[in-house]
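Understanding the architecture of this molecule
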Amino acid sequence: MGNNRQIIQYRRRFLQSAGLGLLGLAGMSGKIRAAAMQTLPFGNGERELVVYPQKRSLLRITTRPPHLETPFEVFDESVLTPNDGFFVRYHLADLPLSIDPDRYRLTVSGHVDTPLSLSLNALKEMGRVEMVAVNQCAGNSRGYSSPRVFGAQLGNGSMGNARWAGIPLRSVLEKAGIKSGARLVAMNGLDRPVLPVTPDYVKTLEIEHAMSDEPLIAWEMNGQEIPFLNGYPLKLIVPGYFGTYWIKHLCEIHVLDQPLDGLDSFAMNRAYRVPDNECFCVLPGTVPDRTRPITRFRVRSFITSLQNGSRVKAGQKILLKGIAFDGGSGIKQVEISSDGGQNWKMVSLSRDFGRFSFREWRLDFVPENQGEIMLMVRATANSGETQPMTASWNPGGYLRNVVESVAITVA
Amino acid sequence: MQYLIYSLAALILCFSSSPGMAAPKYISLPPETAKLKKSGHPGYQVALQKCTICHSADYISLQPPGMSLRQWTDEVSKMKHAFGAPISDDEVSLIGEYLALTYGNEKIGIPVFPAHVEKTGAPGARVVDASALLTQNGCFGCHAVDRKVVGPAFRDVAERYRKNPQAIETVMKNIKAGGSGKWGSIPMPSFAALSNSDIKALAVFVLEQ
């Protein structure tokens, strides 16, 4: 317990000096009041815009543990989501508020030849790779579930796309030496539950996945240190997988030769699970017979340049713009319908940042007749997966990927 | 539980190396302002004390409108069984009723002030035994006598106020109001619903450690 205390002492020291404006990082004090609200288009969807350290105004979902959603207009700014606009989501309220990069250690333990304790410098000396990848909260868009379900009531903004830099998880595992019989790699971060009886937040990857070239241990996000609330100084990047696997403040990697069990298996064995069938869905309001852990994204696409209620002029050309992504095969095509889904027109895809990135798309569009029109966007992935016209349902409110619609007025 | 031990071991390794040279990075989070909706239902007082141990009140006010008594009660039950919330089965029912009446679609049909309120330590309960009070109010969820859990060890609290002539009044005020910053960043819920005699019994117990 002595070491836990050390962390607590840091926190206390901070509280004593906070009033002196110790650090630019601390930045925003409680004096900055919420400037505005946004209303998400479902019942009880009013959200306060709030400023947190290193963040611009984001939609407050919850205060403790903090959960902040990106206002959707941010996705129209650039294909890489700015760090200060990137969503924030913690599961456990005892999150670190101070971290000493010199004392930070990433440990590798369990079913390995040589347990490791690596400093940040030691990790950075092992190499550097970059990858652009989307992070999407498992509950992104949960507020649109019909019938509604409990949980964080998210709009479509709990996602973001960034250029991550770090080293492959595999490099660290190879350095430790995986013993034969290894099955899973468990990951843990510095955030902890308030009560000792509450499960810690631990996620596992299959050993084959962990040893592939996909997962990264990142220390850089869009060319800068990872923002504190996004997991400074180390974040696990699991491209194509939901954010539930992207452990923040990563400090422990534990190789297992047996399934994860016990209290801390909660986030794998009891939560973040979807119906174990082809559609990951059940009849609304019913309980699935069998479930399995949520893993990869399904293909999605959005219009970012117009919102519900936007007004455009008849006969005048506008640039329609948006994004598409999937679980890692890459985007093959995106289509737009302006007649509620009867006819579809192919759009052009912009620069390819890799198969795990948002893919920007554009279309010069001339609305012809005056009145209300329904724009729809549908993406197809290289895997052949495409978006359904109607939403399916599951009890967790996960995996929404229905074709999105935007109702605009042509005047 | 086995994994928990691994986790603690990892924390030791994460933080026990030689002193660093660069300054640690700190953040401070905006103050917590969300509050539970007031209600005359006895579940409100229990919710004030128990729910906000682990999460802010906006985790509740955020939820979809129109959820039923059954749905809210199941959700509170999940807090007890999946997350280890220190609440009794009776308190699960009480909190579920309060939430369904206040945030959900339950309008009538729940007898207000049901008989089981007497067992909870909510207003009207006449309990003076400090150890019973500690258990009923979930104090041991966050505190222990001789070591820090989430909140300070009772012994550390006693030590801090040893020479303070206003010790009892100060500790009573802190129990009643809750708050954060004196011992750490995780806020202690307000226990304003307890009677003065119960709060005094708790303060005396803490200061005797």
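Because the structure is predicted, anything quoted here is derived from the model rather than measured.

Comments concerning the packing of helix H2 (residues 42-50) of chain B against helix H5 (residues 89-102) of chain B
Residues and elements named next belong to chain B.
- Here H2 crosses H5 at 105°, and the two axes come no closer than 8 Å. In terms of orientation, H2 lies roughly perpendicular with respect to H5. Counting all contacts with H2, which are made through Pro42, Gly43, Tyr44, Val46, Ala47 and Lys50, the residues of H5 involved are Glu91, Leu94, Ile95, Glu97 and Tyr98.
- Its residues assigned to classes, the contact of H2 with H5 shows 7 nonpolar, 1 polar and 3 charged.

Considerations on the packing of helix H4 (residues 69-81) of chain B against H5(B)
All names here are of chain B.
- At a closest axis distance of 8 Å, the pairing of H4 and H5 adopts a crossing angle of 135°. Classified by the angle their axes make, H4 and H5 are oblique. For H4 against H5, the interelement crossing comes out right-handed. Along the contact surface, H4 presents Leu69, Trp72, Thr73, Val76, Ser77 and Lys80, while H5 presents Val92, Ser93, Ile95, Gly96, Glu97, Leu99 and Ala100.
- Of the residues belonging to the contact of H4 with H5, the class tally is 7 nonpolar, 4 polar and 2 charged.

Remarks on H2(B)
Residues and elements named next belong to chain B.
- Taking burial as the measure, the 9 residues of H2 include 9 buried ones, the bulk of the element.
- Inspection of H2 places Pro42, Gly43, Tyr44, Gln45, Val46, Ala47, Leu48, Gln49 and Lys50 among the buried residues, and these make up the whole buried set.
- At its buried positions, H2 is contacted by H5.

Concerning the sheet that holds strand S21 (residues 318-325) of chain A
Residues and elements named next belong to chain A.
- Strand order in the open sheet formed by 4 strands is S19-S21-S25-S24, and the pairing between neighbours is antiparallel. This sheet does not close on itself; its edge strands, each paired only once, are strand S19 (300-303) and strand S24 (348-349).
- Bridge count between S21 and strand S25 (residues 359-365): 7 bridges; the pairing is antiparallel. Paired with Ile318 across the strands is Phe365, a residue of S25.

What about the confidence of the model for chain A?
- Per-residue confidence for chain A averages 92 on the pLDDT scale, and 91% of its residues sit at or above 70.
- For residues 1-32 of chain A, every residue scores under 50 in pLDDT, and the model assigns this stretch 47 contacts once sequence neighbours within four places are set aside.

Section: the pairing of strand S22 (residues 331-337) of chain A
Residue and element names in this part refer to chain A.
- Bridge analysis of S22 against strand S26 (residues 371-381) gives 6 bridges, and the strand direction is antiparallel. By the bridge assignment, Ser337 is partnered in S26 with Met376.
- Two elements, S22 and strand S23 (residues 345-346), share 2 bridges in a ladder whose sense is antiparallel. The residue of S23 that forms the bridge with Glu335 is Met346.

Regarding the domain arrangement of chain A
Residues and elements named next belong to chain A.
- The domain architecture assigned to chain A consists of domain 1 (105-145 + 156-293) and domain 2 (300-410).
- Taking only C-alpha atoms into account, the centre of domain 1 sits 30 Å from that of domain 2.
- Taken residue by residue, the interface counts 23 residues in domain 1 and 18 residues in domain 2.
- Counting only elements with at least two residues in the side of domain 1 that touches domain 2, the list comes to strand S9 (129-136) and strand S17 (273-275).
- It is S9 that contributes the most residues to the side of domain 1 that touches domain 2, 4 residues altogether.
- For the side of domain 1 that touches domain 2, a count of residues per class yields 15 nonpolar, 6 polar and 2 charged.

Things to note about the pairing of S21(A)
- When S19(A) meets S21(A), the two strands line up antiparallel, connected through 4 bridges. When the bridges of S21(A) are listed, A:Phe302 appears paired with A:Ile323.

Thoughts on the environment of A:Asp102
- Note on placement: A:Asp102 falls in the loop between strand S6 (98-99) and strand S7 (105-110).
- Placed 17 residues apart in sequence, A:Asp102 and A:Ser119 show a C-alpha to C-alpha distance of 7.3 Å.

Describing the environment of A:Leu116
Residue and element names in this part refer to chain A.
- Tracing the sequence through the fold places Leu116 in strand S8 (residues 116-119).
- The class of Leu116 is partly exposed, set by 19 C-beta atoms lying within 10 Å.
- Through-space distance from the C-alpha of Leu116 to that of Ile253 is 9.5 Å; in sequence the pair is 137 residues apart.
- Beyond its immediate sequence surroundings of up to four residues, Leu116 is in contact with Thr107, Val108, Lys175 and Ala176.

Procedures and definitions
- Residues numbered from 1 in each chain as written.
- Chains lettered and ligands numbered in written order.
- Predicted model: local features only at pLDDT ≥ 70, side-chain atom pairs only at ≥ 80, totals over all residues.
- Axes fitted to C-alpha atoms, helices over the stretch in contact; angles between N-to-C directions.
- Helix = DSSP H or I, 4+ residues; strand = E, 2+ residues; numbered from the N terminus.
- Parallel < 35°, antiparallel > 145°, perpendicular 65-115°, else oblique.
- Contact = placed C-beta atoms within 7 Å.
- Nonpolar A, V, L, I, M, F, W, Y, C, P; charged D, E, K, R; others polar.
- Left-handed = near helix turned anticlockwise from the far one by under 90°.
- Buried ≥ 20, exposed ≤ 12 C-beta atoms within 10 Å, placed from the backbone.
- Pairing = 2+ DSSP bridges.
- pLDDT = per-residue confidence, 0-100.
- Domains from an automatic or database assignment.

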